Amino acid sequence: DTGVSQNPRHKITKRGQNVTFRCDPISEHNRLYWYRQTLGQGPEFLTYFQNEAQLEKSRLLSDRFSAERPKGSFSTLEIQRTEQGDSAMYLCASSQGPGRRTEAFFGQGTRLTVV
Amino acid sequence: GQQVMQIPQYQHVQEGEDFTTYCNSSTTLSNIQWYKQRPGGHPVFLIQLVKSGEVKKQKRLTFQFGEAKKNSSLHITATQTTDVGTYFCAGAGTYKYIFGTGTRLKVLA
């Protein structure tokens, strides 16, 4: 499978716990994005990596969220001290750029439920 | 900040009817992409529009980018049950794409 892979697919955690999600992008893609999607809404941008550099982070993201992309390959998204409002689908996407065609390929997502 | 809105939010059509969703950005876009998300699935890329006034077709789907590069539309001719899903436009920002609110299409057989 050469698509974007995300793990785990589902995560249920108690409020206050820390969680970490992993994304393995398409191997030749240098750009990696994290989005969050709640029911009935469009994907909301969280952060962007170009290779290993985190070039943009949404102002909506609190200090409880952190993302890394060591060596410009896979990426992790950690949420500390989870809150019920963090419940959502967390989507990872990758693309190749720069270039004229920069479509993003999305993974299946990690559905987080905070109880 | 940049906002991308879509109308309508929902659309129910009889199979065979046409469908159109409209996308409007608060700022001029360098390009715009369209994605389709099936129920329970993830967004899947459909097309990218770059030029002012550009029109592209994919079988029964017609995509248009406005002259001012602030709006776009997706038109589906003679809908089929396989067209069910949510259609998102995504406007290009500096490093990211800002997704619209989406139009959920339901096709009644």
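Cut-offs used in this document
Residues numbered from 1 in each chain as written. Chains lettered and ligands numbered in written order. Predicted model: local features only at pLDDT ≥ 70, side-chain atom pairs only at ≥ 80, totals over all residues. Heavy atoms only, no water. Helix = DSSP H or I, 4+ residues; strand = E, 2+ residues; numbered from the N terminus. Rg over C-alpha atoms; globule rule 2.2 N^0.38 Å. Buried < 20%, exposed > 50% of the residue type's maximum accessible area, 1.4 Å probe, protein only. Phe/Tyr/Trp six-rings, centres within 6.5 Å; stacked < 30°, edge-to-face > 60°. Disulfide = S-S within 2.5 Å. Pairing = 2+ DSSP bridges.

**Student:** What should I look at first to understand the overall build of chain A in this one?
**Tutor:** Helix and strand content of chain A: zero helices and 11 strands. In terms of overall dimensions, chain A is globule-like: its C-alpha atoms have a radius of gyration of 14 Å, near the 13 Å expected for 115 residues. Taking the principal axes of the C-alpha coordinates as reference, chain A spans close to 40 × 25 × 25 Å. Looking at the 115 residues of chain A, the share that counts as buried comes to 48%.

**Student:** Just to check I follow, could you spell out the packing of aromatic side chains for this structure?
**Tutor:** Two numbers describe a pair of aromatic rings. These are the distance of the centres and the angle of the planes. Throughout the structure, instances matching the rule amount to 13 aromatic pairs over all chains. With a centroid separation of 5.3 Å and an interplanar angle of 80°, the aromatic rings of Y35(A) and F99(B) are classed as edge-to-face. One end of the pair, Y35(A), is in strand β4 (residues 31-37); the other, F99(B), is in strand β10 (residues 97-99), on a second chain. With respect to class, Y35(A) is no different from F99(B); both count as buried. On the basis of an interplanar angle of 75° and a centroid distance of 5.7 Å, the ring pair of Y35(B) and F45(B) is categorised as edge-to-face.

**Student:** Would you mind going over the state of the cysteines with me for this structure?
**Tutor:** Here, the word disulfide means a covalent bond between the sulfur atoms of two cysteines. Residues and elements named next belong to chain B. For the coordinates displayed, the defined rule picks out two disulfides over all chains. What pairs with C23 in a disulfide is C89, and their sulfur atoms sit 2.0 Å apart. Torsion about the S-S bond of the C23 and C89 cystine: about 80°, corresponding to right-handed handedness. Of this pair, C23 sits in strand β3 (residues 19-25) while C89 sits in strand β9 (residues 85-92); the two residues are 66 residues apart in sequence, bridging distant segments of the chain.

**Student:** Help me understand the pairing of strand β8 (residues 75-79) of chain A in this model?
**Tutor:** Regular strands show a simple pattern: their side chains alternate between the two faces of the sheet. All names here are of chain A. Taking every second residue as pointing to the same face, the buried face of β8 carries S75, L77 and I79, while none of T76 and E78 on the other face is buried. Inspection of the sheet shows strand β3 (residues 19-24) paired to β8 by five bridges, in the antiparallel sense. Looking at β8, one finds that R22 is bridged to T76. As paired elements, strand β7 (residues 65-68) and β8 share four bridges and run antiparallel to each other. The partner of E68 across the bridge, within β8, is T76. The hairpin turn running from β7 into β8, its antiparallel successor, is six residues long, and K71 in that turn takes a positive phi close to 65°.

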